[in-house]
Amino acid sequence: QVQLVESGGGLVHPGGSLRVSCAVSGSIDVVYTMGWVRQAPGKQREVVASITIGGTTNYRDFAKGRFTISRDNAKNTVDLQMNNLKEEDTAVYYCYADVWPTGAPRKDFWGQGTQVTVSS
């Protein structure tokens, strides 16, 4: 069974930095695109960034220049380094992965979410 587990959320002051990580575990043949989405209170979930198996990255405009997504294909992990955080970055951050599990159809899997709070 495929599982995604996030870590690294927390409380940070405006202008600070935080790194969230996600590990994919289970019986897996291939992990394709991985990424992060977030959901702030009262708002819809929005994509933050994604990275393909080949390392091509894609960022939403609010993340460009401040956030960096990276992955380790050997460990099936994806990280999101967030710098110069703003109060509007406060949200629950979820990682996702497009996975081909062993002996099962390819599908998207999601983590449980990690809270990031930016506040003075």
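Cut-offs used in this document
Residues numbered from 1 in each chain as written. Predicted model: local features only at pLDDT ≥ 70, side-chain atom pairs only at ≥ 80, totals over all residues. Heavy atoms only, no water. Helix = DSSP H or I, 4+ residues; strand = E, 2+ residues; numbered from the N terminus. Rg over C-alpha atoms; globule rule 2.2 N^0.38 Å. Buried < 20%, exposed > 50% of the residue type's maximum accessible area, 1.4 Å probe, protein only. Areas by Shrake-Rupley, 256 points an atom, 1.4 Å probe, with all protein chains shown as cover. Lys, Arg positive; Asp, Glu negative; His and termini not counted. Charge placed at Lys NZ, Arg CZ, Asp CG, Glu CD. Core = buried A, V, L, I, M, F, W, Y, C linked by side-chain atoms within 4.5 Å. Contact = heavy atoms within 4.5 Å. Pairing = 2+ DSSP bridges. Axes fitted to C-alpha atoms, helices over the stretch in contact; angles between N-to-C directions.

## As for the overall build of the protein chain
- Secondary structure summary: the protein chain contains zero helices and 11 strands in total.
- Along the chain direction, N to C, the helices and strands of the protein chain fall in the order β-β-β-β-β-β-β-β-β-β-β.
- The C-alpha atoms of the protein chain give 14 Å as radius of gyration, which agrees with the globular expectation for 120 residues (14 Å, within 12%).
- By its C-alpha atoms, the protein chain is 50 × 25 × 25 Å across when sized along the principal axes.
- By residue count, 43% of the 120 residues in the protein chain fall in the buried class.
- Carbon and sulfur atoms make up 48% of the accessible area of the protein chain, which amounts to about 6300 Å² in all.
- Taken together, the 12 basic and 11 acidic charged side chains of the protein chain have centroids lying 2 Å from each other.

## Notes on the nonpolar core
- Among the nonpolar cores identified, the biggest contains 31 residues, and Val24, Trp36, Leu80, Met82 and Tyr93 are the most heavily contacted of them.
- Of all the elements in the fold, those that place two or more residues in this core are strand S3 (18-25), strand S4 (28-39), strand S5 (46-51), strand S7 (67-72), strand S8 (77-82), strand S9 (91-101) and strand S11 (114-118).
- For valine 24, the residues in contact, after removing those within four places along its chain, are Val2, Gln3, Leu4, Val31, Met34, Lys75, Asn76, Ala97 and Val99.

## Quick notes on the sheet that holds strand S1 (residues 3-7)
- With respect to topology, four strands assemble into an open sheet ordered S1-S3-S8-S7, the strand pairing being antiparallel. Either end of the sheet is taken by a strand with one partner, and the two such strands are S1 and S7. The mean angle between the axes of side-by-side strands here comes to 15 degrees, regardless of whether they run parallel or antiparallel.
- In terms of strand pairing, S1 meets S3 through five bridges, oriented antiparallel.

## Let's talk about the side chain of serine 50
- Note that serine 50 resides in strand S5.
- We classify serine 50 as buried; its relative accessible area is 15%.
- Apart from residues no more than four positions distant in its own chain, serine 50 is found in contact with Thr33, Met34, Gly35, Thr56, Thr57, Asn58, Ile69 and Tyr96.

What is shown is where atoms sit, not what they do.
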